[in-house]
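# Observations on the model geometry
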Amino acid sequence: MPVTLQDLKTEIDNLAYLFYGYTIIWVIILGYLAVLWRRENHLRDEIKQLKDSIESESYQK
């Protein structure tokens, strides 16, 4: 069966959809990692504040 120009165009269109799909997935994954990174930094800051608060209370006694 010979390959026609229409077949090639269909294949190229399918590859474009594959590229768009992978791009969307990677954007979602990177966005999720950014959210996790921000939460981790917030928790680290909160832990540091709690440690400082505990240390200052123990010095006052």
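Before any of the text, the structure's been laid out above.
Residues numbered from 1 in each chain as written. Predicted model: local features only at pLDDT ≥ 70, side-chain atom pairs only at ≥ 80, totals over all residues. Heavy atoms only, no water.

## Describing the overall build of the chain
- Scanning the chain for helices and strands turns up 1 helix and 0 strands.
- Taken over C-alpha atoms, the radius of gyration comes to 26 Å for the chain, far larger than the 10 Å a tight globule of 61 residues would show.
- Burial analysis of the chain (61 residues in total) assigns 0% to the buried set.
- By element, 66% of the accessible surface of the chain is carried by carbon and sulfur atoms, the whole surface being about 6300 Å².
- Counting 7 positive and 9 negative side-chain charges, the chain places the averaged centre of each group 8 Å from the other. (Helix = DSSP H or I, 4+ residues; strand = E, 2+ residues; numbered from the N terminus. Rg over C-alpha atoms; globule rule 2.2 N^0.38 Å. Buried < 20%, exposed > 50% of the residue type's maximum accessible area, 1.4 Å probe, protein only. Areas by Shrake-Rupley, 256 points an atom, 1.4 Å probe, with all protein chains shown as cover. Lys, Arg positive; Asp, Glu negative; His and termini not counted. Charge placed at Lys NZ, Arg CZ, Asp CG, Glu CD.)

## As for the environment of S56
- In this fold, S56 is placed in helix α1 (residues 5-60).
- For S56, a relative accessible area of 33% corresponds to the partly exposed category.
- When the C-alpha atoms of S56 and E40 are compared, they prove to be 24 Å apart, with 16 residues separating the residues in sequence.
- A distance of 2.9 Å separates the side chain of S56 from the backbone oxygen of S53, its partner in a polar contact. (Polar contact = N/O pair within 3.5 Å; in protein donor to acceptor, adjacent residues only side chain to side chain.)

## Focus: the environment of K9
- If you trace the backbone, K9 turns up in helix α1.
- Separated by 37 residues in sequence, K9 and E46 place their C-alpha atoms 56 Å apart.

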